[in-house]
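# Summary of the model geometry
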Amino acid sequence: MTDAVHGQRSAELAARLAAVRERIAVAARAAGRDPGELTLIAVSKTYPAEDAVILHTLGVRHFAENRDQEAGSKVKLVTHRLLGVTATPDGGPVAAASPDRRGPGEAVRAEVPPSPASAAAGMPATVPAGPTWHFVGQLQRNKVRSVLRWADWVQSVDRVALVDGLSRIAVERGWPLSICLQISLDPSRASGGADSGGVAGSGRGGIDPGASGELADLVAQAPGLTLRGVMAVAPRGEPPRPAFARLRTVAERLVRDHPEATVISAGMSGDLESAIAEGATHLRIGTALFGERPGVP
Ligand SMILES: *Cc1c(COP(=O)(O)O)cnc(C)c1O
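My aim in this report is to walk through the structure given alongside it, one point at a time. (Residues numbered from 1 in each chain as written. Predicted model: local features only at pLDDT ≥ 70, side-chain atom pairs only at ≥ 80, totals over all residues. Heavy atoms only, no water.)

Scanning the chain from terminus to terminus reveals ten helices and ten strands. Looking at the 297 residues of the chain, the share that counts as buried comes to 52%. Partitioning the intrachain contacts of the chain with sequence separation of at least 6 by distance along the chain shows that 62% fall at a separation of at least 24. For the chain, the accessible area works out to roughly 13,100 Å², and carbon and sulfur atoms hold 54% of it. (Helix = DSSP H or I, 4+ residues; strand = E, 2+ residues; numbered from the N terminus. Buried < 20%, exposed > 50% of the residue type's maximum accessible area, 1.4 Å probe, protein only. Contact = heavy atoms within 4.5 Å. Areas by Shrake-Rupley, 256 points an atom, 1.4 Å probe, with all protein chains shown as cover.)

Before going further, it helps to examine the site of the ligand. The local shell around the ligand consists of Val43, Lys45, Val136, Met268, Ser269, Arg284, Ile285, Gly286, Thr287 and Arg293. Between an oxygen atom of the ligand and a side-chain N or O atom of Ser269, the distance comes to 2.5 Å. Between the ligand and Gly286 there is a distance of 2.8 Å, counted from an oxygen atom to a backbone nitrogen or oxygen. (Near = heavy atom within 4 Å. Polar contact = N/O pair within 3.5 Å; in protein donor to acceptor, adjacent residues only side chain to side chain.)

The residue Pro223 is located in the loop between helix H7 (212-221) and strand S8 (225-231) in this model. Between the C-alpha atom of Pro223 and that of Leu166, which follows or precedes it by 57 residues, the distance is 9.3 Å.

Once that is clear, we can look at the pattern of salt bridges. For the structure shown, the criterion picks out 14 salt bridges. Of the charged contacts, one joins Arg9 and Glu12 as a salt bridge, the two residues approaching to 3.2 Å between their closest N and O atoms. Taken together, the residues Arg9 and Glu12, both in helix H1 (residues 3-30) and three residues apart, mark about one turn of the helix. Under the relative-accessibility criterion, Glu12 is labelled partly exposed at 33%. The shortest N-O distance in the salt bridge between Arg16 and Glu12 comes to 3.2 Å. Here Arg16 and its partner Glu12 are both found in helix H1, four residues apart, which amounts to about one turn of the helix. Sharing partners across several salt bridges, the network here consists of Arg9, Glu12, Arg16 and Asp51. (Salt bridge = Lys/Arg side-chain N within 4 Å of Asp/Glu carboxyl O.)

A few words on the nonpolar core. Among soluble globular proteins, nonpolar side chains are generally buried collectively. If you look at the biggest cluster of nonpolar residues, it comprises 70 residues, and the most contacted ones within it are Val154 and Leu166. Among all residues touching Val154, those that are not within four sequence positions of it are Phe135, Leu139, Val147, Leu148, Leu166, Leu177, Ser178, Ile179 and Cys180. (Core = buried A, V, L, I, M, F, W, Y, C linked by side-chain atoms within 4.5 Å.)

Moving on to the side chain of Arg284. Secondary-structure assignment places Arg284 in strand S10 (residues 282-285). No salt bridge forms around the buried Arg284; measuring N to O, its nearest opposite-charge neighbour Asp271 is 7.0 Å away. A polar contact of 3.0 Å, which involves the side chain of Arg284, links it to the backbone oxygen of Ala232. When residues no more than four places from it in sequence are discounted, the contact partners of Arg284 are Ile41, Val43, Val136, Gln155, Met231, Ala232, Val233, Ser265, Ala266, Gly267, Met268 and Ser269. (Lys, Arg positive; Asp, Glu negative; His and termini not counted.)

A separate point is unusual backbone geometry. Look at Thr46: it is not a glycine, yet its phi comes out positive at around 75 degrees. In this fold, Thr46 is placed in the loop between strand S1 (39-43) and helix H2 (49-57).

The next subject is the pairing of strand S7 (residues 177-182). The element S7 is extensively covered by neighbouring structure, given that six of its six residues are classed as buried. Judged by which residues are buried, S7 turns out to be covered on both faces: Leu177, Ile179 and Leu181 on one side and Ser178, Cys180 and Gln182 on the other are all buried. Relative to S7, strand S6 (residues 153-157) runs parallel, the two sharing three bridges. Among the inter-strand pairings, Trp153 is bridged to a residue of S7, identified as Ser178. On the question of chirality, the crossover connecting S6 to the parallel S7 by way of helix H6 (residues 163-173) is right-handed. Direction of pairing for S7 relative to S8: parallel, over a ladder of six bridges. Bridge assignment links Leu181 to a residue of S8, and that residue is Val230. (Pairing = 2+ DSSP bridges. Right-handed = clockwise from strand over helix to strand, strands pointing away.)

Listed below in structure tokens is the structure:
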């Protein structure tokens, strides 16, 4: 990227970020909420690593990806750039502070010593540097190890069968993994029932609300995992607000049993106002920040 092109893209991203922040502030005020309690997550899928670096310099500290392969190399590149290391052409590995914990070439995140506060709280000896990375895609069991090379959060846990592997590998890698349960907001599944693996109705994934309590208990008890709350995508073909209202009900039930699980990750470029009105704490924004995605799902 030439300096001129880079400067142009920086200006575009700065303008888009300001517009998104303004939308969030307006929606928060309308809902009687403090915009400061809302976390913006930039969904950088399909966009280049350099865009994430630019947004980081503009103050964005959370990024989300939905494909492991794309994310792994992007996180490497972003880590290189932010730590002032020159990236190798293939975005080659960053040296890990504790090579004994990871095989050669496995390191995606560089590690930094923890703050005195996190050390006092019994946090691990080293923590990953750079922004916080969220995985929001459909998770296959055989991808868990690879995703946990780079992800601080997995927001798309939608079945019991994932929990053991997530827990085991989170313990192995040595830094904690934050978890959101992905809830299906398909109205035909709202009454609950068996775990159907997140592939019914709207096709947007998630566990039936009625089955989420058992999944929450499992995650909360699993070593290496921290239950943070719920995540959902509004169903197609229905206004988003009543769907997000259903999510809020699920979240309220969850927090009664797990008081620390306060996150409601909801709201995308097209529906963030509805999500904020229904209590969202984390907003996952892609196209409004980066521009139209070039013909990718
Ligand atoms: C792509 C994606 C987003 C962002 O969507 P936009 O409409 O581009 O803002 C949010 N959440 C998930 C799970 C996604 O896959």
